[in-house]
Amino acid sequence: MADVATIGRGTSRRSGRGASRHPGRSRRAWVPYAYLAPALLLYGLFLLVPLVRAGQFSLFEWDGLGASTFVGFENYLSVFSDERLREAFLHALVLVFFYAILPLGIGLVLAALLTRAKVRGMGFFRTIIFLPQVIAMVVVAVTWRQIYAPDGPLNGFLRLIGLDALTTAWLGDYTWTLPAVGLIGTWVSTGLVTVLLMAGMSRVPGELYEAARLDGAGPVREFFALTLPSIRGEITVALTLTIVAALKTFDLVYVTTGGGPGTSTTVPSYEVYRRAFELGDVGTATAIGITLTILVFAITAAVNRIGDRS
């Protein structure tokens, strides 16, 4: 009986200690949320609230000043039925190739050469390659507008080497204006992509390459069998950042072409500005912005899903 009583007292003490721990844990459970609260508050105040308000405005016909009229989803229907707006979204998808796909191909080659070749002064090369990222896009646009001018350095170089037939008004030609703007995006994005890929490649153990060489693998096979699978995370990040940059392009188009000639370089972000501040059609402008946000989210989510699966 004494043993049973002792066991009972021990059990009650243990249960008492266990019960005393749980209130402490519950009291401490709010601590992480207290640390997150300021960031969540700012996030909600400056991002979620404006996004909800934009969604509200997109359901009205409003000039930004006077009375508004509820039109439901009519503004969204105009996004898909207006030929100019459809063309703007198509141009944005074309810019994805110049901002994301082309820089990724160039960046893979540059990063592989700079990393595997053990180039001296690596920090200097990284700085030079990354330099376009730290220059304001307006400055980049003004500079390239001068380069593309009819009497600018590009046409001057073509005349110098005897290719006068290729000279043109690069930012005034319906055929070449969009690719010309896109190549500016390629120049800007390549540095970011290259630095990200170099960081990933530098983490690949050298022993893996030595083992591959012993098995008779050449540089090309090493790249596709070892390097490329090892940097899929960096590739996903690079594509996400550059695709978002391509889809939300505004300042580059605004400064270089203003959407012209005609509508050959108009993009969704430029149409948001034009319709809201030039035409006074805030409802359609916010509908374009919401549609663009959904498109950006869908494409980046798909890229990240594919990257995770691979």
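These numbers were taken from a predicted model, which means no experiment stands behind them.

Draft legend 1. Spatial organisation of the overall build of the protein. Along the backbone of the protein there are 14 helices and two strands. Taken over the C-alpha trace, the protein has a radius of gyration of 28 Å; the compact-globule value for 310 residues is 19 Å, which it surpasses by more than 25%. Referenced to the eigenvectors of the C-alpha coordinate spread, the extents of the protein come out at roughly 110 × 75 × 30 Å. Taken over 310 residues, the protein has a buried fraction of 37%. Considering only residue pairs separated by 6 or more positions, the protein has 68% of its internal contacts joining residues 24 or more positions apart. Computed over 26 positive and 20 negative side-chain charges, the separation of the two mean positions in the protein equals 20 Å.

Draft legend 2. Just unusual backbone geometry, in detail. Of note, the bond from G260 into P261 is cis; its omega dihedral lies within 30 degrees of zero at -5°. With respect to the helices and strands, the residue P261 is situated in the loop between helix 12 (251–256) and helix 13 (268–278).

Draft legend 3. Region of the structure containing the pattern of salt bridges. Enumeration over the complete set of coordinates arrives at six salt bridges. A salt bridge links R275 to E271; the nearest nitrogen and oxygen atoms lie 3.3 Å apart. With R275 and E271 both in helix 13 and four residues apart, this pair spans about one turn of that helix. Several salt bridges share partner residues, and in doing so they unite D82, R84, E271, R274 and R275 into one network.

Draft legend 4. Helix 6 (residues 137–147), seen in detail. Buried residues of helix 6: V140, A141 and W144, and no others. Viewed end-on, helix 6 has its buried residues packed into an arc of 100°, placing them on one side of the element.

Draft legend 5. Geometry of the packing of helix 6 against helix 8 (residues 177–201). Remark: helix 6 packs on helix 8, axes separated minimally by 11 Å, with the N-to-C direction vectors making an angle of 130°. Here helix 8 runs oblique to helix 6, going by the angle between their axes. Considering the relative orientation of helix 6 and helix 8, their crossing is right-handed. Where helix 6 approaches helix 8, its residues M137, V140 and W144 are matched on the opposing element by I184, W187 and V188. For the contact of helix 6 with helix 8, the residue count by class is six nonpolar, no polar and no charged.

Draft legend 6. Main features of the side chain of T242. Structurally, T242 is set in helix 11 (residues 232–247). Residue T242 is classed as buried on the basis of its relative accessible area of 2%. Only 2.7 Å separates the side chain of T242 from the backbone oxygen of A238, close enough to count as a polar contact.

Draft legend 7. Looking closely at a nonpolar patch on the surface. A surface patch of nonpolar side chains, amounting to about 430 Å² of accessible area, comprises L131, V134, I135, V139 and W187. Relative to the helices and strands, V139 resides in helix 6. The class of V139 is partly exposed, set by a relative accessible area of 46%.

Draft legend 8. Broad picture of the nonpolar core. Judged by nonpolar contacts, the single largest core of 51 residues is most densely connected at L108 and L197. Every element with two or more residues in this core is listed here: helix 3 (74–81), helix 4 (83–116), helix 6, helix 8, helix 11, helix 12 and helix 14 (282–309). Broken down by element, this core gets its largest block of residues, twelve residues, from helix 4. When sequence neighbours within four positions are dropped, the list of residues in contact with L197 reads L104, G107, L108, A111, I231, E234 and I235.

Draft legend 9. Region of the structure containing the environment of T190. Position of T190 relative to the elements: it lies in helix 8. Between the alpha carbons of T190 and E74 there is a distance of 40 Å; along the sequence they are 116 residues apart. Here T190 is in contact with P103, I106, L110 and I129, once residues within four sequence places are set aside. Here the side chain of T190 touches T186 through a polar contact of 2.6 Å, landing on its backbone oxygen.

Draft legend 10. Examining the packing of aromatic side chains more closely. Scanning the entire structure with this criterion turns up 15 aromatic pairs. Ring geometry for F57 and W62: centres 5.2 Å apart, planes at 45°, overall tilted. For F57, a relative accessible area of 24% gives the class partly exposed. We classify W62 as partly exposed; its relative accessible area is 22%. Geometrically, the ring pair formed by F250 and Y270 is stacked, given 6.4 Å between the ring centres and 25° between the ring planes. One end of the pair, F250, is in the loop between helix 11 and helix 12; the other, Y270, is in helix 13, with 20 residues separating them in the sequence. On the basis of relative accessible area, F250 is assigned to the partly exposed category, the value being 25%. The buried category is assigned to Y270, whose relative accessible area is 7%. Cluster of aromatic residues (ring-pair linked, three or more members): F250, Y254, Y270, Y273 and F277.

Quick notes on the rules
- Residues numbered from 1 in each chain as written.
- Predicted model: local features only at pLDDT ≥ 70, side-chain atom pairs only at ≥ 80, totals over all residues.
- Heavy atoms only, no water.
- Helix = DSSP H or I, 4+ residues; strand = E, 2+ residues; numbered from the N terminus.
- Rg over C-alpha atoms; globule rule 2.2 N^0.38 Å.
- Buried < 20%, exposed > 50% of the residue type's maximum accessible area, 1.4 Å probe, protein only.
- Contact = heavy atoms within 4.5 Å.
- Lys, Arg positive; Asp, Glu negative; His and termini not counted.
- Charge placed at Lys NZ, Arg CZ, Asp CG, Glu CD.
- Salt bridge = Lys/Arg side-chain N within 4 Å of Asp/Glu carboxyl O.
- Arc of directions from axis to C-beta.
- Axes fitted to C-alpha atoms, helices over the stretch in contact; angles between N-to-C directions.
- Parallel < 35°, antiparallel > 145°, perpendicular 65-115°, else oblique.
- Left-handed = near helix turned anticlockwise from the far one by under 90°.
- Nonpolar A, V, L, I, M, F, W, Y, C, P; charged D, E, K, R; others polar.
- Polar contact = N/O pair within 3.5 Å; in protein donor to acceptor, adjacent residues only side chain to side chain.
- Patch = residues over 30% accessible without salt bridge, like charges linked within 9 Å, V, L, I, M, F, W, Y side chains within 5 Å.
- Areas by Shrake-Rupley, 256 points an atom, 1.4 Å probe, with all protein chains shown as cover.
- Core = buried A, V, L, I, M, F, W, Y, C linked by side-chain atoms within 4.5 Å.
- Phe/Tyr/Trp six-rings, centres within 6.5 Å; stacked < 30°, edge-to-face > 60°.

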